[in-house]
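# Coordinates in review
Residue-level listing of the chains:
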Amino acid sequence: MELRDHYGLALAVIEPAELDRRPWAQVRERIDLVRLPEPPAGLAGELAARGFVVKPSAVTWLAELGADEAAFLGLLERADRQSIRRAQRRAAAAGLREVVADPVTPELLDRFLVLYAARVARMRFGVPFALDYRDTVLNGPDKFFGVFAVAGDGVGGGGADGTDVVGGVLVLERPDIRTAVLRFSAVSAGWRRRSLPRALYTAALRIAREKGYEYATLGDEPNLSGHLTKPGLFVFKAGLGFRPVPAQDFTDPAGTDEADLVLRLGALSDPTLMLGYPASAPGGEHTGAGGRGGRGGGSSPPAAAGGPRQLAVNLVCESPVNTALYAAPSLAPTVLRRPGG
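This report concerns the structure included in the present document.

### Examining the overall build of the protein
Counting its regular elements, the protein contains eight helices and 15 strands. Taken over 341 residues, the protein has a buried fraction of 50%. Taking as baseline every contact in the protein between residues at least 6 positions apart, the subset at least 24 positions apart corresponds to 72%. Of the roughly 15500 Å² that the protein leaves accessible, carbon and sulfur atoms contribute 50%.

Shown next as structure tokens:
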């Protein structure tokens, strides 16, 4: 067993041969979470019995763009659709200008990065990854476009972060898998409270659709909400029309599975959310072609193979939780768990 400090999370990484001995229960150090990387398929039943969640280590948030915006929004819950329309009206009433940059210009990108860096600096474990992509966004080889909300002449609450750009999304184009990836985004604090991200993301999806893309994703993220990301983001992303799928089933052929057991919530939120394979289908080999082969390798989106594997929300909690917030047609029934299994 190896003990690691993962951004304030006390993590115990074990091997399959250690499962019976439960070494995490025999040490004096505080341990928040036990992880078995790449669990053998034959251990699925035992892991489930011990309270572990077998899951992809990363998930991709995926949306099928459909024929047009009206059709796309028509598939959302009424409340989610109304939230998007309300955010669009607020932005228009405040005089915000929607600026589509294709290609992204240096002047507009730098104004966005001022906002982005200021927002990331307020995060506990924030790392401003987008700053390292400035040259790539401007000069390739990857192709980006941007959608920005700009406050004119001080209207709309601009200037708080030293820029008139109050929100923006940088979108990576992946024509090899017919997908647009909403790669980096930032919105000022005031406009986040007024739901501007919903309007910006919807605009980015509209441009991607107009450019002929069939799919959009929000990129890949670690499959543990309650640590670096919060469960509330699950509700936000699902409300925009995205669904979580195993990363290795779409964009990351090198992605792997892991089995996690949450022992305590001291360094995690209540609830903490993990997207695991349903008990009837704990991991295993994906038979489809979605995302396999990597960039430029002739890979196809998951729709070509009937879709990625289904996941189920696992909520680890000590307080009552409204499970209806985390239900979605694409997901198996939600599972409630207590810390320690």
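### Remarks on unusual backbone geometry
Following Gly-140, the chain continues to Pro-141 via a peptide bond in cis, the omega torsion being 10°. Going from Asp-270 to Pro-271, the amide bond is cis rather than trans, its omega being 10°. One non-glycine residue, Arg-22, lies in positive phi territory at about 50°. Tracing the chain through its elements places Arg-22 in the loop between strand S2 (9-13) and strand S3 (33-37). Judged by relative accessible area, which is 38%, Arg-22 ranks as partly exposed. You will see that Ser-195, though not glycine, has its phi angle at about 65°, which is positive.

### Some points on the packing of aromatic side chains
Geometry of an aromatic ring pair is reported as the spacing of the ring centres plus the angle between the planes. With the rule as written, the count across this model stands at nine aromatic pairs. Relative to Tyr-116, the ring of Phe-112 lies with its centre 6.1 Å away and its plane at 35°, an arrangement referred to as tilted. Linking Phe-112 with Tyr-116, this pair stays in helix H4 (residues 106-121), spanning four residues, or about one helical turn. Each member of the pair, Phe-112 as well as Tyr-116, is classed as buried. One aromatic cluster is present, formed by Phe-112, Tyr-116, Tyr-133, Phe-148 and Phe-184 through successive ring pairs. The residue whose ring lies beneath Arg-183 is Tyr-133, and the NZ or CZ to ring-centre distance is 5.2 Å.

### Thoughts on the sheet that holds strand S10 (residues 215-222)
Strand order in this open sheet of seven strands is S6-S7-S8-S9-S10-S5-S11, and the pairing throughout is mixed. With partners counted over all chains shown, the strands left at the sheet margins are strand S6 (97-101) and strand S11 (243-246), one partner each. Geometrically, the sheet is characterised by an average inter-axis angle of 30° between neighbouring strands, direction not taken into account. Strands S6, strand S7 (143-150), strand S8 (165-174), strand S9 (179-187) and S10 of the sheet are contacted by helix H7 (residues 196-210), whose axis makes an angle of about 140° with S7. Relative to strand S5 (residues 58-64), helix H8 (residues 232-239) is tilted by about 25°, and along the sheet it contacts S5, S10 and S11.

### Things to note about H4
Across its 16 residues, H4 extends 22 Å between first and last C-alpha, which sits within 8% of the 22 Å expected from 1.5 Å per residue. Among all positions in H4, only Leu-108, Leu-109, Arg-111, Phe-112, Leu-113, Leu-115, Tyr-116, Ala-118, Arg-119 and Val-120 are buried. Here the buried face of H4 lies against S6, helix H5 (134-139), S7, S8, S9 and helix H6 (189-193).

What counts, and where the lines are drawn
- Residues numbered from 1 in each chain as written.
- Predicted model: local features only at pLDDT ≥ 70, side-chain atom pairs only at ≥ 80, totals over all residues.
- Heavy atoms only, no water.
- Helix = DSSP H or I, 4+ residues; strand = E, 2+ residues; numbered from the N terminus.
- Buried < 20%, exposed > 50% of the residue type's maximum accessible area, 1.4 Å probe, protein only.
- Contact = heavy atoms within 4.5 Å.
- Areas by Shrake-Rupley, 256 points an atom, 1.4 Å probe, with all protein chains shown as cover.
- Phe/Tyr/Trp six-rings, centres within 6.5 Å; stacked < 30°, edge-to-face > 60°.
- Lys NZ or Arg CZ within 6 Å of the ring centre and 35° of its normal.
- Pairing = 2+ DSSP bridges.
- Axes fitted to C-alpha atoms, helices over the stretch in contact; angles between N-to-C directions.
- Expected span 1.5 Å × (residues − 1).

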